[in-house]
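Summary of structural features
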Amino acid sequence: TSNASLTNDPTSTSNASLTNDPTSTSTSCISRLQSHLYRKPSPHKPSPYLIYKLRNYEELHTRCGPNTRAYRRSMMNIVNSNNSSGNAAMCKYLVCVPVNGLGNQMISIAATFLYAVLTDRVLLVRFGEDKYHLFCEPFLNSTWILPKNFPFWNYKLVQTYQTIILNKDRGINSKQDLPSTLFLNLQHTKNHPDKFFHCHHSQHLLSNVPLLILKSDQYFVPALFMNPSFNSEITKMFRERDTVFYHLGRYLFHPSNEVWGLIRKFYEEHLSKADERIGLQIRVFAPDSTPQEAVMDLILSCTIKNKLLPELDTQNSMPYTTKNQSLKVVLVTSLNEEYGENLRKMYENKATVSGEVVRVYQASHEEHQKHHDKMHNMKAWMEMYLLSLCDVLVTTSASTFGYVAQSLGGLRPWLLYKLTNNATHFPACQRDFSLEPCYHIPPNHYCNGNIIKDYVSTFLYLRGCNDFSNGVKLV
Ligand code: GDP
């Protein structure tokens, strides 16, 4: 059944093994109980080893998470020791500092969670208050939200991993020289220096630091995959390599009751009666220099050429003449109202050559990306989730908003070309080859310092992304 995913739905036998206390979820997180009513049966079953790793992780989180004696003691030890060697901390922590838009933040939280599981660290997420109400707590009877009284809330004062790596004179393998807290920046920056994060020597060094603060906006799972010991664990956990986010995303990100209410309402009103649901995610990265007509051309050439949407029947002025036509519903997500409106008007009361009826709905049009705005984030999360419930997905290249929808839904989307700078000619849209998000900035050096020229021939199961040059993803 669909319940064989990692959602902690207590009605399913396989999921019952994924939650340590199913009864406690039933009152607190409605989406956990109800999501299977909206999702198709899952073809991807979690491996027993993944379930085992998650059970172990949950035990660790319960024992060492916030509001426990172990947490207080460990933090006290970490604060009071200047280096890692004198540290008797009982638990090790990984503080995730997700940055940028919500899609970026969600893919980086999932990658950081995998890193926490692989390194036996407790994951705590430094959410802004505008994100507190988006998700249910993933770990039962505990919290993943970094407490406000966390001693290193202001992480800018924490020593950086980069200075340690760059400062060769310090002898980076000396445990005595390591601090008890390190800040690691895996964010996409213009001139990102290679941090050798994937290398054994780095991971050996980092394993001696009890508290890591990791800032990222990236899905760095492929970098973990490039490390031989993580690689063998990931391979055991995920029998299908392109389901890492699919499983971890569904395990971590359950819409809060507030967001679930919005999702259900929209779904029941507009999507539930459709024979086929088409999700169309239109992300215009440079709206000032991107003509709307070019975007519309791009959308229509992709959807009509690939028969995702039918052509209008210009010979027939009588719409909906035959009985029992099938209904296609298009869910448009965009910051701009015009795209949904144009498409809606195009199909409204018109006959199509296939005889299908096409209805178009857009859930919101926020005009521009907003920061620190709770309702704005709720809408974004609602829309990513609704897209993930569609049967067919068309997303915009390089958009992490689209990545979340595609991976959560277990869908290989059609990728719209990323329009910028007055482009009016563009290649046809392509079908993606994997469910996974793309890692935009993979490491560019081998651990011996040589430049990596070709990922694919060196790292089996990594492939260049279709939608982002230099990006890689798991296949
Ligand atoms: P990316 O920039 O496309 O990779 O996606 P992100 O999610 O990281 O950042 C874009 C942000 O802009 C989102 O998180 C939303 O806040 C906002 N946004 C962009 N597109 C949409 C959309 O279609 N619907 C809504 N509600 N918000 C959007």
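Scoring rules and cut-offs
- Residues numbered from 1 in each chain as written.
- Predicted model: local features only at pLDDT ≥ 70, side-chain atom pairs only at ≥ 80, totals over all residues.
- Helix = DSSP H or I, 4+ residues; strand = E, 2+ residues; numbered from the N terminus.
- Buried ≥ 20, exposed ≤ 12 C-beta atoms within 10 Å, placed from the backbone.
- Contact = placed C-beta atoms within 7 Å.
- Core = buried A, V, L, I, M, F, W, Y, C linked by C-beta atoms within 7 Å.
- Domains from an automatic or database assignment.
- Near = placed C-beta within 6 Å.
- Nonpolar A, V, L, I, M, F, W, Y, C, P; charged D, E, K, R; others polar.
- Pairing = 2+ DSSP bridges.
- Axes fitted to C-alpha atoms, helices over the stretch in contact; angles between N-to-C directions.
- Parallel < 35°, antiparallel > 145°, perpendicular 65-115°, else oblique.
- Left-handed = near helix turned anticlockwise from the far one by under 90°.

Right, let's talk about unusual backbone geometry for a bit. Despite not being glycine, asparagine 349 has its phi angle at roughly 55°, a positive value. For asparagine 349, the position within the fold is in the loop between helix H14 (337-347) and strand E7 (357-362). Asparagine 349 gets classed as exposed once you count the C-beta atoms within 10 Å, which come to 10. One non-glycine residue, tyrosine 461, adopts positive backbone phi at about 80°. Assessed through the 15 C-beta atoms surrounding it within 10 Å, tyrosine 461 is described here as partly exposed.

Examined against the element boundaries, leucine 312 turns out to sit in the loop between helix H13 (292-305) and strand E6 (327-334). Looking at leucine 312, the number of C-beta atoms within 10 Å reads 16, which means it is partly exposed. Along the chain, leucine 312 and lysine 350 lie 38 residues apart, while their C-alpha atoms are 6.8 Å from each other. Residues within four places of leucine 312 in sequence aside, it is in contact with Lys350 and Thr352.

One finds Leu94, Val95, Ala110, Leu114, Leu212 and Val221 to be the most contacted residues of the largest nonpolar core, which totals 126 residues. Looking at this core, the element that brings in the most residues is helix H6 (residues 102-118), giving 11 residues. Here this core gathers at least three residues from each of two domains, domain 1 (44-252) and domain 2 (258-435). When sequence neighbours within four positions are dropped, the list of residues in contact with valine 95 reads Leu124, Arg126, Leu146, Leu212, Ile213 and Leu214.

Around the ligand, the structure places 19 residues, and the nearest of them are Gly101, Gly103, Gln369, Ser399 and Thr400. Elements that contribute at least two residues to the shell around the ligand include exactly H6, E6, helix H15 (374-388) and helix H16 (400-409). The biggest single contributor to the shell around the ligand is H15, with four residues. Taken together, the residues of the shell around the ligand break down into four nonpolar, 11 polar and four charged. Viewed by domain, the shell around the ligand spans two of them, domain 1 (44-252) and domain 2 (258-435), each represented by three or more residues.

Here the focus is the pairing of strand E4 (residues 211-216). Burial within E4 is extensive, with five of its six residues counted as buried. Looking at chain direction, strand E1 (residues 93-98) and E4 are connected through six bridges and run parallel. Note on E4: the bridge partner recorded for tyrosine 93 is leucine 211. Inspection of the sheet shows strand E3 (residues 181-185) paired to E4 by five bridges, in the parallel sense.

This part is about the packing of H6 against H16. One way to put it is that H6 packs onto H16 with a least axis distance of 7 Å and a crossing angle of 50°. In terms of axis orientation, H6 runs oblique to H16. Between H6 and H16 lies a crossing whose hand is left-handed. Together, Gly103, Asn104, Met106 and Ile107 of H6 and Thr400, Phe401, Tyr403 and Val404 of H16 make up the contact between the two elements. Class assignment for the residues of the contact of H6 with H16 results in five nonpolar, three polar and no charged.

Assigned domains of the protein: these are domain 1 (44-252) and domain 2 (258-435). Centre-to-centre separation of domain 1 and domain 2, based on C-alpha positions: 35 Å. Taken together, the elements giving at least two residues each to the side of domain 1 that touches domain 2 come down to H6 and helix H11 (244-252). Considering every element that reaches the side of domain 1 that touches domain 2, the biggest residue donor is H6, with five residues. A per-class count over the side of domain 1 that touches domain 2 returns six nonpolar, eight polar and four charged.

This part takes up the sheet that holds E4. As summarised here, the arrangement of the four strands in space is E2-E1-E4-E3, forming an open sheet in which the pairing is parallel. Across the chains shown, the open sheet's two edge strands, defined by having one partner strand only, are strand E2 (122-125) and E3. Across the sheet, the mean angle from the axis of one strand to that of its neighbour is 20°, orientation sign disregarded. Alignment of E1 against E2, held across four bridges, turns out to be parallel. Directly across from cysteine 96, in E2, lies its bridge partner valine 125.

Turning to the sheet that holds strand E10 (residues 430-431), a few remarks are in order. One open sheet holds the six strands; their spatial order is E7-E6-E5-E8-E9-E10, and the pairing between them is mixed. Each edge of the open sheet carries a strand with a single partner, namely E7 and E10. In this structure, strand E9 (residues 414-416) lies alongside E10, joined through two bridges in antiparallel fashion. Among the inter-strand pairings, tryptophan 414 is bridged to a residue of E10, identified as arginine 431. Seen against the sheet, H16 touches strand E5 (276-282) and strand E8 (392-396) and runs at an angle of roughly 155° to E8.

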